[in-house]
Amino acid sequence: MAEEPKEHQGSSQGFQNPVAGFGVTFKAMFKKRLTEQYPEAKKTTAPRFHGRHQLNRHPDGLEKCIGCELCAWACPADAIYVEGADNTEEERYSPGERYGRVYQINYARCILCGLCIEACPTRALTMTNEFELADSSRESLIYTKDQLLAGLQEGMVDSPHSIFDGMDEGDYYRGAVTAAAPGTVRQVAVSKGEKRDEEPVTVENTAAAVSSGAPHEATTMDRGATT
Ligand code: SF4
Ligand code: SF4
């Protein structure tokens, strides 16, 4: 039997293709609509969603970050800037020798890949489910330590403060410290511009200022903890 001329094959396909295309459109008309009503209705993310970073604390409020910069070295986008410093007995931010004095993440660069999380040896750095990171200036996309540090939970005292009496750094990582020791008070953060004659910010005096209606500067205590 003689083959159908090529020009006839082309014309029958030219008719079928648009019909097949409209078929897809027609089927989609009866499917459930997937329109998201964001920002009125926010979608719940997957439990392990990669959102905004968080710098975690030990159960007594001391910081887990030791200022080692491994996260910054692991970052493929060069989005993290860390400066470590030495703890002293008068101003202690973490149980060991060093702490992260300056910590910044540039969300104009970050691709939320999570490699920094994998590199962190102390689990100081994790990611939250918060995804609303858009802003209108480069400066506001650089998150500082104050913005990244986890809020205070029950039993914590804001850093700096002394290490739990009788415990060492290893005890913190073995889970022996479950809350701040009774009588723990926040030390004066001289390295951050606080003066020794100023009353340090504690859980008690912040709560008293809030209940009296007196204006107070927002601290990490005022932010919700999301560890
Ligand atoms: S999530 Fe990835 S890109 Fe963002 S800071 Fe961490 S390593 Fe860098
Ligand atoms: S977050 Fe972790 S990896 Fe980064 S400086 Fe702190 S301890 Fe080191």
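Residues numbered from 1 in each chain as written. Chains lettered and ligands numbered in written order. Predicted model: local features only at pLDDT ≥ 70, side-chain atom pairs only at ≥ 80, totals over all residues.

Visitor: I'd like to hear about the overall build of the protein chain, residue by residue, with values.
Guide: Helix and strand counts for the protein chain come out as 6 helices and 5 strands. Going from N to C terminus, the protein chain has its helices and strands arranged as α-β-α-β-β-α-β-β-α-α-α. Per-residue burial for the protein chain yields a buried fraction of 22% across its 227 residues. For the protein chain, the share of sequence-separated contacts (at least 6 apart) that also reach a separation of at least 24 residues comes to 71%. (Helix = DSSP H or I, 4+ residues; strand = E, 2+ residues; numbered from the N terminus. Buried ≥ 20, exposed ≤ 12 C-beta atoms within 10 Å, placed from the backbone. Contact = placed C-beta atoms within 7 Å.)

Visitor: For the UniProt feature "binding site: [4Fe-4S] cluster 1" (unreviewed entry) in the protein chain, give the residues involved together with the corresponding values.
Guide: Sequence positions flagged by UniProt for "binding site: [4Fe-4S] cluster 1" (unreviewed entry) are, in local numbering, Cys65, Cys68, Cys71 and Cys120. In summary, the annotated positions, though distributed over 56 residues, converge in three dimensions, the widest C-alpha pair being only 10.4 Å. Following the sequence through the fold, Cys65 ends up in the loop between β1 (53-55) and α2 (70-74). Of the residues examined, Cys65 has 25 C-beta atoms within 10 Å and is grouped as buried. Not counting residues up to four positions away in its chain, the partners in contact with Cys71 are Ile80, Val82, Cys116, Ala119, Cys120 and Leu125. (UniProt positions renumbered as here; feature names shortened; annotations may be inferred.)

Visitor: Quick rundown of the sheet that holds strand β5 (residues 142-143)? Include the residues and the values.
Guide: Taken in spatial order, the 3 strands of this open sheet run β2-β3-β5, and their pairing is antiparallel. Of all the strands in the sheet, the pair left with one neighbour each is β2 (80-86) and β5. (Pairing = 2+ DSSP bridges.)

Visitor: Provide a residue-level description of the UniProt feature "binding site: [4Fe-4S] cluster 2" (unreviewed entry) in the protein chain, including the pertinent values.
Guide: What UniProt calls "binding site: [4Fe-4S] cluster 2" (unreviewed entry) maps, in this numbering, to Cys75, Cys110, Cys113 and Cys116. Spanning 42 residues, the named residues form one tight spatial group whose C-alpha atoms are at most 10.4 Å apart. Among the secondary structure elements, Cys75 is positioned in the loop between α2 and β2. According to the C-beta neighbour criterion, Cys75 is buried, with 20 such atoms within 10 Å. The contacts of Cys75, once residues within four sequence positions are left out, are Ile80, Leu115 and Cys116. Mapped onto the elements of the fold, Cys116 is located in helix α3 (residues 115-119). If we ignore the near neighbours within four places in the chain, the residues touching Cys116 are Cys71, Ala74, Cys75, Ile80 and Leu125.

Visitor: Mind laying out the site of ligand 1, listing which residues take part and the relevant values?
Guide: Taken together, 13 residues surround ligand 1, and among them Cys75, Cys110, Cys113, Leu115 and Cys116 come closest. Its residues assigned to classes, the shell around ligand 1 shows 12 nonpolar, 1 polar and no charged. (Near = placed C-beta within 6 Å. Nonpolar A, V, L, I, M, F, W, Y, C, P; charged D, E, K, R; others polar.)

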